[in-house]
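Now for the letters of each chain:
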Amino acid sequence: MSNTEDCFGFAISGTTPPSVTVQPSDVLGCNSATFNVTATPGNSGTLTYQWLYNDGASIGWSNVTAAAFSTGTVTGESSSSLSISGFDLTNYQFYCKVIEDGVCSVSSDAAQFKGSATTTWSAGSWDNGIPDLTTTAIINDTYNTTLNGNIEACSLYINPSYVLTVGANSYVKVQTSIYNNGELLVQNEGSVIQLDNSGIYDDSGSVATIPTTVEKLTAVLDAWYEYTYWSSPVTNETIGSALFPSSPYRRFSFNAGNFVDSTYETNNNNATVVGAGVDDIDDDANDWQLRAAGDLMTPGVGYAATHSPAAYTTATNYNYSFRGPLNTGIISVSVERNDTELGDTNWNLIGNPYPSAIDATLFFNENNYSANPSTGTLDGAIYLWSHSTPPSATNNGNQQINFDLNDYITLNYTGSSVSGVTNYIASGQGFFVTYSDAAPSTTGTVTFNNSMRVDGNNNQFFRTSNVNASTNISENKLWLKLTNDFGLKDNIMVGYVNGATAANDGAAYDAKTNGAYTKTMTFYSLISGDPEKLSVQGKATTDLNITETIYIGFLNNIDIPTVYTISIDDFEGCLLYTSPSPRDATLS
């Protein structure tokens, strides 16, 4: 497109069209561009602007609109400066039509998005410098991030016959798209992050038998029957392939629409009593659904499986491999609330769909109903299965021997019920959430997007991490532990954090404990004047002072003499260095 003038076909005596004095220039960059034009009026009139584009494949030009670049961000489409970000602009051209007083116009020259500079890994080095988020990186030799360093790039190409290995505690971060024409192996605790939701992952050009593999290790399994909650970081993967080392008779998904908890029992005695939401166990045992080997693992959905007895050898970590194109971009997962019983908890099992960890706070911001009532559906806490207690015949459930609900770790805005658990959800990790009773519809979605992804912190899988979360000096947290001489334990946390108040702020800050009245042993805290028993309690940062009192308690369904111990498990924050101490109110 070259400079053209038009007065809409009218011959207007003395009319001079506007003129372009500075033409837009070609842009070199990564998935974002700004084009500028400068014009002067021909008759001292008012100038307006309209940018047009051609995508390099279509015939003709179209007006730039936000809808045309909906996965990105557009500003200035009707001004002298056009900016587009978060969108793959490869082969796009742009020009501006400048109009004076709505009558006469002039068109600027067209400018093209030229893409980014390129650097290639070959013969053990980069030929044009180490890539960054503005550079296209090409892998033309074997590359291992543990040995050769993390990769950051605008876009990434893996050439045929070459393997890119992403090692533990290292990462590949790409602004836009990854084109794998060779092989990509993401080892346990390695991370691949794509930033723009419009970017793609494409391994269709590879002739390798298995172009893409993500490896995950379980936590240490002390017995074959210990469950792991999974979520697939790749697409088009089957239950039987990804969970091949697991027992084919113990591979389940969770049907939230079938969960109804109107009755409860005590110590698994099968003597049901009417009481909604008391034991958090489905009344008719049809919530867990056995899955076939050929079933596809839906991205963002959670699954539960035990290891195969035949494959189990000793207490150690076991490797599982997910094969298929990496998940990226916006992923929506269906969730629901069964209002057959209004008094129970609306459990849904979902999971991190990406080959990288996600930030739980950003997940909450997007999906909590209280934080985002227009699209959010969740109460505001997630529940991670840690499986640290052997099953027992006295634990409530639908089997003769059941697991302990105390083995769920609760995480919300306030923090975690167990010390040392960070705010990040590892790749491959499945977890429970609860659908909000305040949401107007009984069905909705949970949304994951690339802005939640992080380039580290991918080492906390199923159990407590050995690395403590970073301390915010303006916030203070106290973890307490209840143990008994049978080896049972339960944990709670009280946190003085920004956003919380002394009142019950809902699960986003004050998360209840599961099955409080029917578990073998339950430890909890209370908010004055509120009956809900909490595993995590949030309070305002200004609530903490030298006379602060927190009410705690425990319930016991053990009918023989037992010694209980309440102890401080951990604390963080400067004000709690004044040595808090548990006190029995009945003895004071």
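Residues numbered from 1 in each chain as written. Predicted model: local features only at pLDDT ≥ 70, side-chain atom pairs only at ≥ 80, totals over all residues. Heavy atoms only, no water.

### Overview of the pattern of salt bridges
For the structure shown, the criterion picks out 8 salt bridges. A salt bridge links aspartate 455 to lysine 173, with the shortest nitrogen-to-oxygen separation between them at 2.8 Å. Of this pair, aspartate 455 sits in the loop between strand S40 (443-448) and strand S41 (476-484) while lysine 173 sits in strand S20 (residues 171-174), and the two are 282 residues apart along the sequence. Take aspartate 455: its relative accessible area is 30%, and that puts it in the partly exposed class. Owing to a relative accessible area of 15%, lysine 173 belongs among the buried residues under this scheme. (Salt bridge = Lys/Arg side-chain N within 4 Å of Asp/Glu carboxyl O. Helix = DSSP H or I, 4+ residues; strand = E, 2+ residues; numbered from the N terminus. Buried < 20%, exposed > 50% of the residue type's maximum accessible area, 1.4 Å probe, protein only.)

### What to know about the sheet that holds strand S17 (residues 151-153)
Taken together, 3 strands build an open sheet; the order of strands is S17-S20-S23 and the sheet is parallel. Strand pairing shows two members of the sheet lacking a second neighbour, S17 and strand S23 (191-194), which therefore form its edges. Each strand of the sheet is rotated relative to its neighbour by a mean of 5°, with strand direction disregarded. Of the pairings in the sheet, the one linking S17 to S20 comprises 3 bridges and is parallel in character. Along S20, the bridge assignment pairs isoleucine 151 with valine 172. (Pairing = 2+ DSSP bridges. Axes fitted to C-alpha atoms, helices over the stretch in contact; angles between N-to-C directions.)

### Considerations on the pairing of strand S45 (residues 534-539)
In terms of residue burial, S45 counts as a mostly covered element, since 6 of its 6 residues are buried. One ladder, built from 4 bridges, connects strand S42 (residues 489-496) with S45; its direction is parallel. Looking across to S45, one finds that glycine 495 is bridged to glycine 538. Bridge count for strand S43 (residues 511-512) against S45 is 2 bridges, and the pairing is antiparallel. For lysine 512, the partnering residue across the bridge sits in S45 and is leucine 534.

### Examining the state of the cysteines
Under the definition given, this model contains 1 disulfide. A sulfur-sulfur separation of 2.0 Å characterises the disulfide bridge that pairs cysteine 30 with cysteine 154. On the sign convention where negative is left-handed, the bridge of cysteine 30 and cysteine 154, at about 90° about the S-S bond, is right-handed. Highlighted residues: cysteine 30 in the loop between strand S3 (27-28) and strand S4 (32-36) and cysteine 154 in the loop between S17 and strand S18 (155-158), separated in sequence by 124 residues. Just as cysteine 30 is buried, cysteine 154 falls in that class too. A disulfide-free cysteine, cysteine 96 has its sulfur positioned 16 Å from the sulfur of cysteine 104, the nearest such atom. (Disulfide = S-S within 2.5 Å.)

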